[in-house]
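# Residue-level structural notes
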Amino acid sequence: MQRQQSIIEESLKAVMEDEEFLPDLKAQTRDQAYKSLVALLSTPNHIHKSFLRVALENGTIVRIPAFRVQHSDTVGPYKGGIRFHHSVNDEEVANLAKLMTLKNALHELPFGGGKGGVVINPKEYTVKELNLICKKYVQYFNDILGPDKDIPAPDVGTGEREMDWMMGEFKNIHPGEPYRNSFTGKSVVNGGSLGRREATGKGVYFTFRYMMHNFVKENKKWLGDTENIFAHAALDHVEKKSKIAVQGFGNLGSVAALEAYQCNYLQNKVVAVSDANVMLYNEDGLDIPALVKFTEDHDGELPKNEEELVECESKAEIKNRDDLLEMDVDVLILAALEDQIHEDNMENIKAKIIVEGANGPITEKADSYLADKGILIIPDILANAGGVIVSYYEWVQGREAQFLTEEEVFKRLYDKMKVTMDTILPQFFGDPFPLRQNCYIHSVMKLSTIMYRQGKLY
Ligand code: NAD
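First, a word on what this report is: a plain description of the structure on this page. (Residues numbered from 1 in each chain as written. Predicted model: local features only at pLDDT ≥ 70, side-chain atom pairs only at ≥ 80, totals over all residues. Heavy atoms only, no water.)

What follows is about the sheet that holds strand S1 (residues 46-55). Whether parallel or antiparallel, the strands of a sheet pair through hydrogen bonds between backbone atoms. Strand order in the open sheet formed by five strands is S1-S2-S4-S3-S5, with mixed pairing between adjacent strands. The open sheet has two edge strands with one neighbour each: S1 and strand S5 (150-154). Geometrically, the sheet is characterised by an average inter-axis angle of 20 degrees between neighbouring strands, direction not taken into account. Here ten bridges tie S1 to strand S2 (residues 61-72), and the two strands are oriented antiparallel to one another. Looking across to S2, one finds that Lys49 is bridged to Phe67. This element, helix H3 (residues 90-106), spans S1, S2, strand S3 (78-84) and strand S4 (113-118) of the sheet and lies at about 150 degrees to S4. (Pairing = 2+ DSSP bridges. Helix = DSSP H or I, 4+ residues; strand = E, 2+ residues; numbered from the N terminus. Axes fitted to C-alpha atoms, helices over the stretch in contact; angles between N-to-C directions. Contact = heavy atoms within 4.5 Å.)

Taken across its five residues, strand S6 (residues 243-247) has four buried, putting it largely inside the fold. When S6 meets strand S7 (residues 269-274), the two strands line up parallel, connected through five bridges. Pairing of Ala245 across the sheet is with Ala272, part of S7. Regarding topology, helix H9 (residues 251-262) serves as the crossover connection from S6 to the parallel S7, and that connection is right-handed. (Buried < 20%, exposed > 50% of the residue type's maximum accessible area, 1.4 Å probe, protein only. Right-handed = clockwise from strand over helix to strand, strands pointing away.)

Taking strand neighbours across the sheet as the criterion, the seven strands line up as S9-S8-S7-S6-S10-S11-S12 in an open arrangement whose pairing is mixed. Because the sheet does not close on itself, it has two edges, and the strands there are strand S9 (317-319) and strand S12 (376-378). Ignoring which end each strand starts from, the neighbouring axes of this sheet average 20 degrees apart.

Within the secondary structure, Thr420 is located in helix H15 (residues 406-430). At a separation of 3.1 Å, a polar atom in the side chain of Thr420 contacts the side chain of His107. With sequence-adjacent residues up to four places away left out, Thr420 is seen in contact with Leu106, His107 and Leu382. (Polar contact = N/O pair within 3.5 Å; in protein donor to acceptor, adjacent residues only side chain to side chain.)

Here the structure, examined in full by the defined rule, presents two cavities of 30 Å³ or more. There is about 50 Å³ of room inside the second largest cavity. Looking at the second largest cavity, the residues that line it are Phe208, Met212, His237, Val238, Lys240, Ser242, Leu266 and Asn268. Of the residues assigned to the lining of the second largest cavity, the class counts are four nonpolar, three polar and one charged. (1 Å grid on protein atoms, 1.4 Å probe; cavity = no way out; pocket = protein on both sides within 12 Å on 5 of 7 lines; lining within 4 Å. Points joined across faces, edges and corners; volume = space filled by probe spheres on them. Nonpolar A, V, L, I, M, F, W, Y, C, P; charged D, E, K, R; others polar.)

Moving on, we get to the site of the ligand. Around the ligand, 21 residues are found, and the nearest of them are Thr200, Phe249, Asn251, Leu252 and Ala276. Between Thr200 and the ligand, the recorded distance is 2.6 Å, taken from a side-chain N or O atom to an oxygen atom. Gly250 is positioned with one of its backbone polar atoms (N or O) 3.2 Å from an oxygen atom of the ligand. Among the elements of the structure, helix H6 (196-218) and H9 are those that each provide at least two residues to the shell around the ligand. (Near = heavy atom within 4 Å.)

On to unusual backbone geometry, then. In the Ramachandran plot, Leu22 falls in the positive-phi region, its phi being about 45 degrees despite a non-glycine side chain. Within the secondary structure, Leu22 is located in the loop between helix H1 (2-17) and helix H2 (30-42). Backbone geometry at Glu108 places phi at a positive 55 degrees, although glycine is not the residue there. Along the chain, Glu108 falls in the loop between H3 and S4. Residue Glu108 is classed as partly exposed on the basis of its relative accessible area, which comes to 39%.

Structure representation (structure tokens):
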């Protein structure tokens, strides 16, 4: 995530060079203020690390490394997921916490940024052991967590079940205190929000749909008159029946693919989807509802041979999983893992629009290469915020003990993302920076202003 740091620095530089920004900055020169802000935003407030002592069912005691990184509470309590993965380390968690600070600032959520991690492959543990690991996590970090301090959520390797367990343990440790909004991403029966599961995938597709159907269509004349290469990339696709490929068919990818399939505003065809096993391709468009139904009945996996395709009643060719990225499509939705487009495959990418559902699916080098070629990338910080936005509504609902309908949740989700898009898109199409940098500029402006107002630049 070196790219994240360099974009923060470039964005702060651009912001501080504008004399109209914080014109009454008195305590420091603009250069000093720039250096102070780089220092404040580059380092987390706290890195908490522990070794959870867990008794396995076979009688062995193990010590499992676990982290909670609290990057910034400038805007509000720390907020971010807990990842269970064997490759988790403090640097990765700290970078993800920083991304949360920037993402929450971009979407005007009243939260700072945090992230947690536990170094395990959850598939190697029994349900009882996982339950114990979740309880221990809360016990070890109990002092620093809470509805107004730090509110975790699910991430890779965790979900509703783990959040339910963790909230239960928090409630045990803090009897009589508010607990419903101590964790988000819980099951609905346990105080979770309707619509939370679909929120990220719906938000990912919404950013693409809103840009192409609403913004670009409504601003055709102005965009056509600009020299902006990204505006021309968008205009080239606005009336076209776009061919879409989706990498990853899990929680996020399957919902985004279904949204694309069902979208009446744009004439899309989802021609390719992939998961960890296969890629499925149909040049006339895949039957996404049938594939979603199949994965629901098959432990999340797409059909991976002819027999399973017959069972799914779906017409598709089975292809090599990794070829999806280089398919001749208009739009690529990346919804699987980090670092998927890199130095070795960036020159083969044919899509003209890429939507980042996963965090950091494009490496720094590939990102610059694709941006120079005029490929329009809707970045993670903008596209995949649906989960944390609905987490915010879950937090508010827990506070008020009043619950919204699913319809109300999605309406609020789209309203919030629309506000962000309406702020960012005119700037983006009006200047030469890629969309990622425009988003970062907006976030660091907000964070710098608040830090200044809170007296942190003295
Ligand atoms: P998930 O585990 O439900 O799904 C991941 C999917 O990717 C699975 O279908 C898996 O088979 C597939 N996959 C794994 N390796 C692959 C490969 N090499 N090629 C193609 N497919 C592959 O996870 P998710 O919740 O859908 O999240 C996907 C990504 O989005 C993660 O990186 C996550 O951090 C990020 N993200 C998720 C959310 C959320 O709310 N779900 C929010 C923000 C970011």
